Amino acid sequence: MAKLAVFASGTGSNFAAIADFLSRPEAQRHTIVCLVTDRLDAKVVSKAASRNIPVVAVRYISRAAAEDLIIQELEKYQPDLIALAGFMRILSTDFVDRYSTRILNIHPSLLPRHAGLNAIQQSYAAGDQELGITIHYVDHGLDSGPVLLQRCFARTSDDTEAKVERRIHKLEHEYYPQVIHKLLDDIDAERNSLDAKQFTRED
Ligand code: GRF
């Protein structure tokens, strides 16, 4: 079993897709241990509550204080992996280093194009002929960490911004849960092999 924490501040459609994927029989051994949010009024909160997933809500009076609180809570939940899914705060370098290589993000453009806010609108307005998503590890930069997966589609002549947005979200909901599931499986397998080694006799 491996444990996931999801950080989200918005609608929570990705959160719901991840939670639903992890409740499938083949993925049930992994758990979402908590949702971390900076907005108690966000729709994602009710999506967690209806699935009985604990919610850690932090007020960002200062980033340092909020992150201290998050770290304290994560000490309780001990996640193996953190998935950002529309968390509208930039994590400090200290926080990223603490959980280094264990934080993922999903971004609604083909990075490095259109990092930062409003990536779908930016991609559409720029007239990009290929649009898509990027799932990547989080590093110290803005949407700049090592890429795990990108998926794209070709723009069609009748694509409106709303249509493009729907297509991007569809890709997100299909691939983010799969990538997370695979990483949780890998973490679990590695832990099991370490456990097995402890019981292997040397003689
Ligand atoms: C997604 O488009 C994701 O790529 C971005 O934030 C959005 C979150 O949407 N990082 P939702 O709250 O999961 O619906």
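See the structure shown above.
The paragraphs below set out a description of the structure included in this document. Because the structure is a prediction, the values reported are computed rather than measured.

Here we look at the environment of Ala-119
With respect to the helices and strands, Ala-119 occurs in helix 5 (residues 119-125). In this structure, the C-alpha to C-alpha distance between Ala-119 and Pro-108, residues 11 residues apart in sequence, is 6.1 Å. If we skip the residues at most four places from it in the chain, Ala-119 touches His-107, Pro-108, Ser-109 and His-114.

A look at the pairing of strand 1 (residues 3-7)
Look at any regular strand and the pattern is simple: side chains alternate between the two faces of the sheet. Burial analysis of strand 1 places 4 of its 5 residues in the buried class, which makes it a mostly covered element. For strand 1 and strand 2 (residues 31-37), the ladder comprises 5 bridges, and the chain directions are parallel. Counted as the bridge partner of Ala-5 is Cys-34 from strand 2. Here strand 1 runs beside strand 4 (residues 81-84); their pairing, made up of 4 bridges, is parallel. Residue pairing in the sheet places Leu-4 in a bridge with Leu-81 of strand 4.

Rules used in this analysis
Residues numbered from 1 in each chain as written. Predicted model: local features only at pLDDT ≥ 70, side-chain atom pairs only at ≥ 80, totals over all residues. Heavy atoms only, no water. Helix = DSSP H or I, 4+ residues; strand = E, 2+ residues; numbered from the N terminus. Contact = heavy atoms within 4.5 Å. Buried < 20%, exposed > 50% of the residue type's maximum accessible area, 1.4 Å probe, protein only. Pairing = 2+ DSSP bridges.

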